[in-house]
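# Survey of secondary and tertiary structure
Here is what each chain is made of, one letter per residue.
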Amino acid sequence: MSKPRTLFEKIWDKHVVMQEGNNPSVLYIDLHLVHEVTSPQAFQGLRDKGLTVRRPDKTIATMDHSIPTTPIGQPITDKIAAAQIRQMERNCQEFGVRLFDMDSENRGIVHVIGPEHGLTQPGMTIVCGDSHTSTHGAFGALAFGIGTSEVEHVMATQTLLQRKPKTMEIRVNGKLKPGVTSKDIILAIIAKNGVAGGTGYVFEYTGEAIRSLSMEERMTICNMSIEGGARAGMIAPDETTFEYIKGKPHAPKGAEWDAAVEYWKSLPTDEGAEYDALVELNADDLTPMITYGTHPGMGMPIAGTVPAPADVPVGERFTLEKALTYMDVEGGKPLLGKEIDVVFLGSCTNSRITDLRAAADLIKGHKVSDSVRFMVVPGSQKVKIQAEKEGLDKIFMEAGADWRTAGCSMCIAMNGDQLAPGEYAISTSNRNFEGRQGKGGRTFLASPLTAVASAITGKVTDVRDMMEG
Amino acid sequence: MEEFKQLNAKVVAIETTDIDTDQIIPAIFLKTTTKVGLGKNLFSHWRYNEDGSPKEDFIINTPEAEGAEILLAGDNFGCGSSREHAPWALMDYGFKAIVSTSFADIFRNNSLKNGLLPVIVDEETHAQLMSLAMEDPNLHLSIDLESQTLNLPDGRKVEFPIDAFSKTCMLEGIDQLGYLQKQLDKIEAFEADYGNRVDTLTPA
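Notes on the structure follow. Everything numeric here is computed off the predicted structure, so don't read it as measured data.

Here we come to the overall build of chain B. Within chain B, the secondary structure is distributed over eight helices and seven strands. Over its C-alpha atoms, taken along the principal directions, chain B stretches across nearly 60 × 45 × 25 Å. Contacts in chain B between residues far apart in sequence, at least 24 positions, make up 65% of those at least 6 positions apart. Carbon and sulfur atoms make up 49% of the accessible area of chain B, which amounts to about 8500 Å² in all.

Right, here's the structure in full:
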């Protein structure tokens, strides 16, 4: 009988091409996702060395970071962004990489389109020059972000040099209460475990609460693994996973489907397999979460009070003081009722169809507060088309929200969708770093439900009050 | 990539912990298609006012910081986005080594592939270095990669960890891609037994 192994170990073992002495392993990559911002220098590196993209059949490209979210066909007014997009088109053509370009109905945020095309499948190794590649781990894949040098390595060899990370089980017991979402689970994990708690680890999320989540809710959790310091976060595949993949354009079909499912069923962690660390929390105890500071670990229950610098260990005081000054919020005080200027519903964390449905369901019959600019940015053009088919766009627009085309938009604020200095936003995205959503802008991270509730009142709002009322 | 053997250089200290790559180089500067010229926008939001004038109280803008090649920073340096523009910006500015108690995984990997040395020290050494840097704006440290030591002004030598493979690459200025290319026959043999799971080129 072989030694019991974790989900991570099974995938790792299957993809190690070779490993010499104390050198890192050569790890085979099944799918390489490419976008316009972290790839130009890698393509140039290939060109300079006379190399090709070795396996274009395992590579797919899209444009998401620097593109506008204005209607398709309008010219791109940012000349530098336009040049980067043109360069992407040229690079993909020259190297034979399939590109979902600006006009494509398949275009979208790279971590939204992989799953929706059925390219993301259990047991795969998936990389992208983007830290939120961890999203794809929701399918029981080993997926992680890489730098541009590594993008070039994968393009040239379909492999990467990697040291085997440690594993951390994050067990979420119990059941979520109404108004509490998977976004609140991951914000609570990061608040508990810290932004560096996962450094050197791959997370595997387990437990009853995780099992009962839909695929899109699982993606929200895995997406933010990197905010907890882990390059990858995974969830073992199950019937929910298979159901989601079935019938997607690149999903296996016929006899291949049966063989694939049989293999996928062998992936979950064996009984008796050991993780290097364990973090445990109970979903029953969770409430909606919100961040108050300038990294995703500075989070708290929405009805809580912001910690005062005097209440935290000496080593964290300087950074907390700096964060509270930047955010202009006071330690020891609550955030509930604080006026906000912008609500952003979007990003690879929370922009999928079920996020939009939940948000539309809550805003229906309400109006966005006069003092709030509410931007809704679908994660992909397919999500946008589906939402419009269901009439969600009309619900948002009737409420006074701005309905956009797909892209990363205000999550990274490269494309002109951004906060003005001093503005407060509630965002469903993943990072509240200083200036992340525009220089001087201030971000509170929260779930789509909290975002909508706050858009209606114009203030930081506990969605549970609205649901009870 | 340039060789990194020894470095004796001036230190500039930023006490903040969890300095993310959005601070190191804000996303607005990632529209470039080259690696050069990012140094002028290193720490841009912290370094410049709205009108583009330098913020005089930010350490990098002080005359004492001029010529510094070692950055001493708080714990978990380089967290957040995977952008390799962060080490490119640090190096383009002139930094050759970063000293902290820990680094985010992706940033550390990216740095080692560009010849920027991440030096990990224990908390006590870090605290000592921070207070030395606050007292002496002209603090110099020397680093010897071969022996993996950081030499403090009081003569104390502190060892720092680095894996042997990355160390060799740094010492000899070797691009890690070369190592992978040498294994192409093994990669091909691996693929032969592997089957093709997903084909992105098939229209679907």
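Quick look at the interface of chain A and chain B now. Between chain A and chain B, the residue contacts involve 81 residues of the former and 61 residues of the latter. Approximately 6000 Å² of surface area, both sides summed, lies buried where chain A meets chain B, with 58% of it carried by carbon and sulfur atoms. Broken down residue by residue, the surface that chain A buries against chain B is led by Gln41, Leu161 and Lys439 of chain A, which jointly contribute 11%. Linking chain A to chain B there are seven salt bridges. Among the ionic pairs, Lys49 of chain A bridges to Asp175 of chain B, the shortest N-O distance being 3.9 Å. The tally of links between chain A and chain B comes to 34 residue pairs in polar contact (both at pLDDT 80 or more). Considered class by class, the residues forming the side of chain A that touches chain B number 33 nonpolar, 28 polar and 20 charged.

Moving on: the environment of Val16 of chain A. For Val16 of chain A, the location among the structural elements is in strand S1 (residues 16-18). As a C-alpha pair, Val16 of chain A and Thr159 of chain A span 143 residues in sequence and 9.3 Å in three-dimensional space. Those residues in contact with Val16 of chain A that lie beyond four places of it in its chain are Ser25, Val26 and Leu27 of chain A together with Phe190 of chain B.

With that settled, the discussion passes to the sheet that holds strand S10 (residues 201-206) of chain A. Residues and elements named next belong to chain A. On the basis of which strands lie adjacent, the open sheet formed by four strands has the order S11-S10-S9-S12 and parallel pairing. Either end of the sheet is taken by a strand with one partner, and the two such strands are strand S11 (232-234) and strand S12 (277-282). For this sheet, the mean inter-axis angle between neighbouring strands, taken without regard to orientation, is 20 degrees. Here strand S9 (residues 166-173) pairs with S12 via six bridges, running parallel. Note on S12: the bridge partner recorded for Val172 is Leu281. Across the face of the sheet, helix H1 (residues 7-15) comes into contact with S9, S10 and S11 while running at roughly 115 degrees to S11.

Calculation notes
- Residues numbered from 1 in each chain as written.
- Chains lettered and ligands numbered in written order.
- Predicted model: local features only at pLDDT ≥ 70, side-chain atom pairs only at ≥ 80, totals over all residues.
- Heavy atoms only, no water.
- Helix = DSSP H or I, 4+ residues; strand = E, 2+ residues; numbered from the N terminus.
- Contact = heavy atoms within 4.5 Å.
- Areas by Shrake-Rupley, 256 points an atom, 1.4 Å probe, with all protein chains shown as cover.
- Buried area = accessible area lost by both parts, 1.4 Å probe.
- Salt bridge = Lys/Arg side-chain N within 4 Å of Asp/Glu carboxyl O.
- Polar contact = N/O pair within 3.5 Å; in protein donor to acceptor, adjacent residues only side chain to side chain.
- Nonpolar A, V, L, I, M, F, W, Y, C, P; charged D, E, K, R; others polar.
- Pairing = 2+ DSSP bridges.
- Axes fitted to C-alpha atoms, helices over the stretch in contact; angles between N-to-C directions.

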